[in-house]
Amino acid sequence: MSRLEAKKPPLFISEPLTRDAVSQSLSLLSGILKSSYGPAGRLKQLHNGVGGCVCTTSQSSALLGHLSLSQPVLRVLTASVRNHVSRFSDCGLFTAILCCGFIENFRSLNVAPFTVIKISKHLLSLCMDHLKSEACGCRVSVDFSSVETLVCLVRSILTSKPACMLNKTEVDHLTSLVLKAFIFTVPRHVETNAVLGKCVVIPVKGGRVVDSTVLPGLLIEAPEIQLGKPLAVKRTGSNMINIALFSVSMSGDGSNPEEGTIAVHHGVSLEVLELNQLLNVGKQLVKDEVGLVVCQKVMHPSLKQFLKEQGVVAVDRAGLSLMEPLGRVTGSQPIASIHSLPPGCYGSLKDLCVESFASKHFLHLIPEDTVICSLILCNRSETAWDELKRVCETAEHVLQLTVKEPLVLLGGGCTETHLASYIRHKSSSLPASTFRDLGCSQTQYQLVAEGFCRSLESVARSLSHDGEEVLTDVVYGHCWFVPPGSPCVSRWSGLVSKCGCGVSGSTEDLSWSCLQGQSGSPVLQGCPQEPSVKVADLRVLDCFAAKCSGLQVALETANLILDLSYIIEDQN
């Protein structure tokens, strides 16, 4: 009998935020995230130390997905941010940096956590009310009769990730492609419950970015198809192409052993029975005038040859990821058995042709009307392609969110500094009844409000990676960047031309103040004014829905962590 080891008692860690190990880990994570933020963010190379794939990125989804964290506090933070990214695709770094800022600024205050949480929730409600009001100076309504705002939004997303390694020509080309792909996914006939379509990204690694293109319908890689030969496809009397979509294996290698035991009579070959059944299915497909058969898994060579002789195009190994868009493009229902073909399972296509990109051959499925399109995405290296794919998928999701809520926020740090200016002004003019309702003093409220504002401003400062001086103007509360090495002058107007988002120019009668660090004095400002926004001046925009959610998630997660009294770890 083996010796049994006595169970160890659980480890209790009280007040985890006061522990040096937690503070150092939080500071390190914050530094990694801040140095990755924005178009000039520094790339991170992640690998597991024992071989395997190396990831070079500055994207939050890739960063947080590859980091191995031992501190429970950090695992809570990253899980919260990853959940936000899974829902909105954008503003992951913003959310994580802001959350770290809230924790760092709030825990240094001589105010009870319970009081900090109540005050910070009130500050968040002021922010959200302001962002949703018509008077908000950092939001812009999207006019769908013009694409200028959408172009700026997509370009802002593409240029925010330097690992894509794009030049201006490539950015412009991809911006137009992403917008074109998105337009393909919008239904032509709007119904009460309209559903947006989907853009399927087709990888072509090693090609030029400018060779990327978008096509309506769906592309399926078909290496057996020979380019240059006419594609003879069986058509129906109405000149349409019927399609059958199989989600079951058609390899003829017998049933899955996990499904149970099969009893076979002596002298009977199971393989022959399976092949005969497959050929019977093929005959039924020919009888039903099917012109294209697509199998998610493997198809028996004899069945493929039979279908080819009958003028039916057969494609196997389509993969699970294509099944849903295939069904939407063609209207077909996936067939899950080779022993019965349910009625109404076939779909239809308008046409079928062969496309070639780089050294790959594809079948192009062209439907009568579709909200599915294919983005053939090229890039020079696998690392750059992986990053570019994530960015393009983010841009598509952001456009979908913008359709649901046609608003965008000013980027380039301007929304963060504007909100900080607004909160400083608003918190200085609150009635005494507000403090009574919150159960705090005015001094406590001002301390928490200042920490809240510094956290927002720390996100804007994170956009500076090369020693630029970061300013904010006292009229609009926008963010400005002075080039590194500029001489110290009494007037900044000769050194700055445009604010971070591009709306405000230095030709206006403005005055600026430096955004100080944690030890600096607060910038005293009036209520920030609303600038006159010209779409042509916009340089950087952010997704309204994603940033609003990120602001809420960052504060709620920080408050949860600030409220932790114990961490209990099982030692067994």
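Look up a bit, the structure's there.
Note that the coordinates shown come from a computational prediction; the quantities given were computed from them, not determined experimentally.

Participant: Explain the sheet that holds strand β14 (residues 372-379) to me, please; I cannot follow it from the model alone.
Facilitator: The strands making up a sheet are joined through hydrogen bonds of the backbone, oriented either antiparallel or parallel. Read across the sheet, three strands follow the order β5-β14-β6 without closing on themselves; strand pairing throughout is mixed. For this open sheet the edge positions go to β5 (198-205) and β6 (213-216), each flanked by a neighbour on one side alone. When strand polarity is set aside, the average angle formed by the axes of neighbouring strands in this sheet is 20 degrees. Sheet analysis places β6 next to β14, joined by four bridges and oriented antiparallel. Among the inter-strand pairings, P216 is bridged to a residue of β14, identified as C373. Set on the sheet, helix α11 (residues 382-404) makes contact with β5 and β14; between it and β5 the angle comes to about 170 degrees.

Participant: Sorry if this is basic, but what is going on with the packing of helix α4 (residues 92-107) against helix α15 (residues 544-562) here?
Facilitator: Geometry of a packed helix pair, given as the angle between the helix axes and the separation of the axes. Here α4 crosses α15 at 40 degrees, and the two axes come no closer than 8 Å. The handedness of the crossing between α4 and α15 is right-handed. Of α15, the residues touching α4 (which contributes F94, T95, L98, C99, F102, I103, F106 and R107) are K547, G550, L551, V553, A554, L555, T557, A558, I561 and L562. Across the contact of α4 with α15, the residue classes tally to 13 nonpolar, three polar and two charged.

Participant: Hey, could you run me through unusual backbone geometry in this one?
Facilitator: A negative phi holds for most residues other than glycine; trans holds for most peptide bonds. If you check the backbone angles, C91 has positive phi at about 65 degrees while not being a glycine. Relative to the elements of secondary structure, C91 occurs in the loop between α3 (72-88) and α4. A relative accessible area of 9% means that C91 is categorised as buried. Positive phi values are uncommon outside glycine, yet N239 reaches one of about 65 degrees.

Participant: Would you take a moment to explain the packing of aromatic side chains for this structure?
Facilitator: The way to describe two aromatic rings as a pair is by their centre distance and the angle between their planes. As enumerated under the stated definition, the model contains four aromatic pairs in all. Among the aromatic side chains, those forming a connected cluster through ring pairs are F102, F106 and F452. Positioned above the aromatic ring of F94, the side-chain terminus of K547 is 4.7 Å from the ring centre.

Participant: Sorry if this is basic, but what is going on with the pairing of β14 here?
Facilitator: In regular strands, side chains alternate between the two faces of the sheet. Burial within β14 is extensive, with eight of its eight residues counted as buried. Of the two faces of β14, the one carrying I372, S374, I376 and C378 and the one carrying C373, L375, L377 and N379 are both buried. Direction of pairing for β5 relative to β14: parallel, over a ladder of eight bridges. For V201, the partnering residue across the bridge sits in β14 and is L375.

Conventions we followed
- Residues numbered from 1 in each chain as written.
- Predicted model: local features only at pLDDT ≥ 70, side-chain atom pairs only at ≥ 80, totals over all residues.
- Heavy atoms only, no water.
- Pairing = 2+ DSSP bridges.
- Helix = DSSP H or I, 4+ residues; strand = E, 2+ residues; numbered from the N terminus.
- Axes fitted to C-alpha atoms, helices over the stretch in contact; angles between N-to-C directions.
- Contact = heavy atoms within 4.5 Å.
- Left-handed = near helix turned anticlockwise from the far one by under 90°.
- Nonpolar A, V, L, I, M, F, W, Y, C, P; charged D, E, K, R; others polar.
- Buried < 20%, exposed > 50% of the residue type's maximum accessible area, 1.4 Å probe, protein only.
- Phe/Tyr/Trp six-rings, centres within 6.5 Å; stacked < 30°, edge-to-face > 60°.
- Lys NZ or Arg CZ within 6 Å of the ring centre and 35° of its normal.

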